[in-house]
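Spelled out, the chains give:
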Amino acid sequence: MKKHALLLICSVFISLCSIFSQGFEHFITASGQKLMDGKNEFRFISFNIPNLNFVEDEMSFTTASPFRLPTEYEIRDAMLSVKQMGGQVIRIYTIPVKRSDQPDEVPAHVLAPGLFNEDAFRINDLMLSLANELKIRIIFPLLNNWKWMGGRPQYAAFRNKHENDFWTDRELIEDFKKTIEFTLNRTNTLTGIKYKDDKAILCWETGNELGNPSEWAAEITAYIKKLDKNHLVMDGYFAGGKRPVRTESVNDPSIDILSSHHYETNPDETIESIAKNIEIIGGKKPYVIGEFGFQSTAALDKIMNWMISEPAIAGGLIWSLRSHRQEGGFYWHSEPLGMGIYKAYHWPGFSSGSAYDEKDILRVMRDNAFSIQGVLATAVEKPASPVLLNIDKVYDINWQGSAGASFYHIERAEYPNGPWHRIACNISDAGLQYTPLYHDNNAEIGKSYYYRVIACNISGESEPSATFGPVRVNRQALIDDMNNYGKFYHSTGVVHETGEDRKYKEDMHRMAGVKGSRITYLVPGKFIKAKIYSFEKSESRSLMISGAAAKEHFFDIEYKTTGFIEKNSDYGTWRPVLYEISGTDKQIHFLEIEFSGEAKISRVEVIYE
């Protein structure tokens, strides 16, 4: 009897755990042109987040590859950002596939036909667990047409075949089916729920921007339906602009949702293109605008208002959003189709995105995300406390930002319990790219301090972060992030440059020079060491460094250089070269950088006592 009772208790416990881990009551279903959440129509305006399950934007200067797996903090931050904007859905990019031109350490999900990376799939587990917790539905593309994170070209390359063979070659089709089967039948290691039973998944999408024949779509969608009786399937055929949705997909019983992507430069053309698709679909199936963007705030507002008024459109997803980064700040992504202007958005919008009106465009997006649900926008919630990261140097202060925070106050004390003094106000964590967020340049050498950070937005201030300290100030620094000419003692022939930032690991501000250009710094104390972060085209070094005790008598300084070359540079990245100068017996009051060739300097650090 006791044994049976114990088994019954365990069974009940497992059932309760399953219910608790499922954040939703219903699977999303289709009824005519509507998506349904139970008896209620489900409509949305939200975001694509390509980095949600696989980061392609780890662009710190000394990192050779931009690819890595996201952390729980980063995934949660992305979902909280969407939720605060009224979004209910996130469309991810794909299931990444190993590229032969990537370093071995890149953690792609598919390593070979039928061979999968468990660590990477555990990130998918985490994503779905958090989606249930935070009530976010996931649109889950199974394949990418493009090489960026690996997809169709890589499946073909595994078998030494051409990427165009993918649609018809039986071996390649069966290889892709292995990925589908593994994914749909996978049991989440955190929730215990198979993916095919997880209500957080809004639908499976055959893939991202596919150029597939309709016969391939018919076979693959039928295969998905055979494995999974719960979820809808969305056609990933690349419709949009002059490529309308296909009547074969409208009539295919295994395809439940039609979609299209839109990057026209005129809102009237976007609306006209979408309207043609609505006519082709004829109310038979739900229609989702899978991607749109790269237009002005006024243009996107017009498009979204029209989408809301058009009952044949179930939802739309703006391209794209990036989250905070584990080490502090945000991930950055210049959009290849963004006309040299648009980057991935950062919630709640910052001055660094003023060129594409980030603050206002996110406000408009938020208003429309609530409007399509038929509800008024709620007040923006006060941010949670940030997490202050360990501080070793007062010129290297970082924190994990809070979703929805517009800026931060930094406070310092000489004792762990205060009194606290506010030493900086309204500091943005979106002002710099992949470098320390704050430098306490007023900290006195020889003293020790305690620090804490407070997040702020229009609704108020968070509670302070946990205190970190004591931090002993042994050295100070002159830090120049090249935002302007203000840190120079003197310069000749250098020009402040911004734009095409992906070529320079997303650094937004650089000083460009050619042979004969010079930058001189006045060292505020006893010179200890320096670092110069340079982007160069030539394999031979493009900078020479000298020092002087007095302005007229410069001498050469020895330095070492390290290059950090990305193996697969998809964006034409210039060569990142780090120049490091260690101690010298000579006095250096002036540090001079002379250009011996074309280079763009993104940051200079001069450490002194």
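Quick note: structure is the one above.
The rules behind these values
Residues numbered from 1 in each chain as written. Predicted model: local features only at pLDDT ≥ 70, side-chain atom pairs only at ≥ 80, totals over all residues. Heavy atoms only, no water. Helix = DSSP H or I, 4+ residues; strand = E, 2+ residues; numbered from the N terminus. Rg over C-alpha atoms; globule rule 2.2 N^0.38 Å. Buried < 20%, exposed > 50% of the residue type's maximum accessible area, 1.4 Å probe, protein only. Contact = heavy atoms within 4.5 Å. Areas by Shrake-Rupley, 256 points an atom, 1.4 Å probe, with all protein chains shown as cover. Lys, Arg positive; Asp, Glu negative; His and termini not counted. Charge placed at Lys NZ, Arg CZ, Asp CG, Glu CD. Core = buried A, V, L, I, M, F, W, Y, C linked by side-chain atoms within 4.5 Å. Phe/Tyr/Trp six-rings, centres within 6.5 Å; stacked < 30°, edge-to-face > 60°. Lys NZ or Arg CZ within 6 Å of the ring centre and 35° of its normal. Pairing = 2+ DSSP bridges. Axes fitted to C-alpha atoms, helices over the stretch in contact; angles between N-to-C directions. Parallel < 35°, antiparallel > 145°, perpendicular 65-115°, else oblique. Left-handed = near helix turned anticlockwise from the far one by under 90°. Nonpolar A, V, L, I, M, F, W, Y, C, P; charged D, E, K, R; others polar. Salt bridge = Lys/Arg side-chain N within 4 Å of Asp/Glu carboxyl O. Expected span 1.5 Å × (residues − 1).

So what exactly am I meant to see when it comes to the overall build of the chain here?
The number of helices and strands found in the chain is ten helices and 32 strands. In terms of C-alpha radius of gyration, the chain reaches 27 Å, essentially the compact-globule figure of 25 Å for 609 residues. For the chain, the spread of C-alpha atoms along the three principal axes comes to 80 × 60 × 55 Å. Out of the 609 residues in the chain, the part that is buried amounts to 57%. In the chain, the proportion of contacts linking residues at least 24 apart, taken out of those at least 6 apart, comes to 72%. Within the structure as shown, the chain displays about 24900 Å² of accessible surface, and the carbon and sulfur contribution to it stands at 52%. Side-chain charges in the chain split into 68 positive and 79 negative, and the spacing between the mean points of these groups amounts to 3 Å.

Help me out: how do you make sense of the nonpolar core in this one?
In a soluble, globular protein the nonpolar side chains are often hidden away together inside. By size, the foremost hydrophobic cluster in this structure holds 89 residues, and its most contacted members are Phe-47, Leu-52, Met-79, Ile-138, Phe-140, Trp-216 and Tyr-345. No other element matches helix H3 (residues 118-134), which puts eight residues into this core. When residues no more than four places from it in sequence are discounted, the contact partners of Trp-216 are Leu-143, Phe-166, Trp-167, Ile-173, Phe-176, Thr-206 and Leu-210. Counting 27 residues, the second largest nonpolar core, distinct from the first, contains Ile-557, Tyr-579, Val-604 and Val-606.

Help me out: how do you make sense of the packing of aromatic side chains in this one?
Geometry of an aromatic ring pair is reported as the spacing of the ring centres plus the angle between the planes. A complete count under the given rule lists 33 aromatic pairs for this structure. Measuring from ring centre to ring centre gives 5.0 Å for Phe-61 and Tyr-533, while their planes differ by 90°; the resulting arrangement is edge-to-face. Remark: Tyr-533 occurs in strand E26 (residues 527-536) and Phe-61 occurs in the loop between strand E4 (44-48) and helix H2 (72-84); sequence separation between them is 472 residues. Here Phe-61 and Tyr-533 have matching classes, each one buried. Look at Phe-166 and Trp-167: their rings are 5.3 Å apart centre to centre, the planes differ by 85°, and that puts the pair in the edge-to-face class. Given a relative accessible area of 10%, Trp-167 falls into the buried group. An aromatic cluster is defined as three or more aromatic residues linked by ring pairs; in this entry it consists of Phe-47, Tyr-263, Phe-294, Tyr-342, Tyr-345 and Tyr-356. We note Lys-586 situated over the ring of Phe-555; from NZ or CZ to the ring centre the distance is 4.5 Å.

Looking at this model, I keep getting lost on the sheet that holds strand E5 (residues 89-91). Mind explaining?
Backbone-to-backbone hydrogen bonds pair the strands of a sheet. The strands run either parallel or antiparallel. Taken in spatial order, the eight strands of this open sheet run E10-E9-E8-E5-E4-E13-E12-E11, and their pairing is parallel. At either margin of the open sheet sits one strand with a lone partner, and together these are strand E10 (232-234) and strand E11 (258-262). Strand-to-strand twist of the sheet, defined as the mean angle between neighbouring strand axes without regard to direction, takes the value 25°. Where E11 lies against strand E12 (residues 287-292), five bridges are found, and the strand directions are parallel. Residue pairing in the sheet places Leu-258 in a bridge with Tyr-287 of E12. Docked against the sheet, H3 engages strand E8 (137-141) and strand E9 (201-205), running at close to 150° with respect to E8. Strand contacts of helix H8 (residues 267-281): E11, E12 and strand E13 (313-318), with the helix running at about 165° to E11, the strand carrying the most contacts.

Would you take a moment to explain the packing of helix H5 (residues 170-184) against helix H6 (residues 214-227) for this structure?
Geometry of a packed helix pair, given as the angle between the helix axes and the separation of the axes. Their axes nearest at 11 Å, the elements H5 and H6 cross at an angle of 30°. Taken together, the axis directions place H5 and H6 in an arrangement best described as roughly parallel. Note that H5 runs across H6; the crossing there is right-handed. Along the contact surface, H5 presents Arg-170, Ile-173, Glu-174, Phe-176, Lys-177, Ile-180, Glu-181 and Leu-184, while H6 presents Trp-216, Glu-219, Ile-220, Tyr-223, Ile-224 and Leu-227. Considered class by class, the residues forming the contact of H5 with H6 number nine nonpolar, no polar and five charged.

Which parts of the structure should I look at to understand the sheet that holds strand E2 (residues 34-37)?
One open sheet accounts for three strands, arranged E1-E2-E3; its pairing is antiparallel. The open sheet terminates on both sides in strands that have one partner only, identified here as strand E1 (28-31) and strand E3 (40-41). Sheet analysis places E2 next to E3, joined by two bridges and oriented antiparallel. Of the residues in E3, the one forming a bridge with Asp-37 is Asn-40.

What is the right way to look at unusual backbone geometry in this model?
Glycine aside, a negative phi is what most residues show, and trans is what most peptide bonds show. Here Trp-319 and Ser-320 are connected by a cis peptide whose omega angle stands at -10°. For Ser-320, the position within the fold is in the loop between E13 and helix H10 (358-371). Phi angles above zero are rare outside glycine, and Glu-209 is one such case at about 55°. Looking at the element boundaries, Glu-209 is found in the loop between E9 and H6. Relative accessible area serves as the criterion here: at 11%, Glu-209 is assigned to the buried category. Despite not being glycine, Asn-426 has its phi angle at roughly 55°, a positive value. Along the chain, the position of Asn-426 falls in strand E17 (residues 421-427).

So what exactly am I meant to see when it comes to the pattern of salt bridges here?
Side-chain pairs of opposite charge can arise whenever the charged atoms involved come near each other. The full count for this structure, using the stated rule, is 52 salt bridges. Salt-bridge contacts for Glu-414 lead to Lys-447; the nearest nitrogen and oxygen are separated by 3.5 Å. Taken as a pair, Glu-414 in the loop between strand E16 (407-413) and E17 and Lys-447 in the loop between E17 and strand E18 (448-457) lie far apart in primary sequence, 33 residues in all. As a salt-bridge pair, Glu-461 and Arg-422 come within 3.5 Å of each other at their nearest N and O atoms. With a gap of 39 residues between them, Glu-461 in strand E19 (residues 460-461) and Arg-422 in strand E17 connect regions that are remote in the sequence. By relative accessible area, which is 34% here, Glu-461 ends up partly exposed. Note on Arg-422: relative accessible area 38%, which makes it partly exposed. Salt bridges linked by common partners bring Glu-56, Asp-57, Arg-322, Lys-343, Glu-497, Asp-501, Arg-502, Glu-506, Arg-510 and Lys-600 together as one network.

It is not clear to me how the pairing of strand E25 (residues 518-522) should be interpreted in this structure. Could you clarify?
Regular strands show a simple pattern: their side chains alternate between the two faces of the sheet. As paired strands, strand E22 (residues 490-492) and E25 are joined by three bridges and run antiparallel to one another. Residue pairing across strands places Ser-491 opposite Ile-519, the latter belonging to E25. As judged from the five bridges shared by E25 and strand E31 (residues 590-595), these two strands associate in the antiparallel manner. Within E31, the position partnered with Tyr-521 by the bridge is Leu-591.

How should H10 be read in this particular structure?
An α-helix turns once per 3.6 residues; consequently, residues spaced three or four apart project the same way. Taking 1.5 Å as the rise per residue, H10 with 14 residues should run 20 Å; its terminal C-alpha atoms sit 20 Å apart, in good agreement. Every buried residue of H10 is accounted for by Glu-358, Ile-361, Leu-362, Val-364, Met-365, Arg-366, Asn-368, Ala-369 and Phe-370. If you follow the buried residues of H10, they end up packed against E4, H2, helix H9 (297-309) and E13.

What exactly am I supposed to notice about the environment of Lys-382 here?
One can find Lys-382 in the loop between H10 and strand E14 (387-388). Among the residues examined, Lys-382 registers a relative accessible area of 47% and is labelled partly exposed. Here the alpha-carbon distance between Lys-382 and Asp-101, two residues 281 residues apart in the chain, equals 45 Å. Discounting residues that sit within four places of it in the chain, Lys-382 has contacts with Asn-457, Ser-459, Gly-460, Glu-461 and Ser-462.

Distances and angles like these do not, on their own, reveal function.
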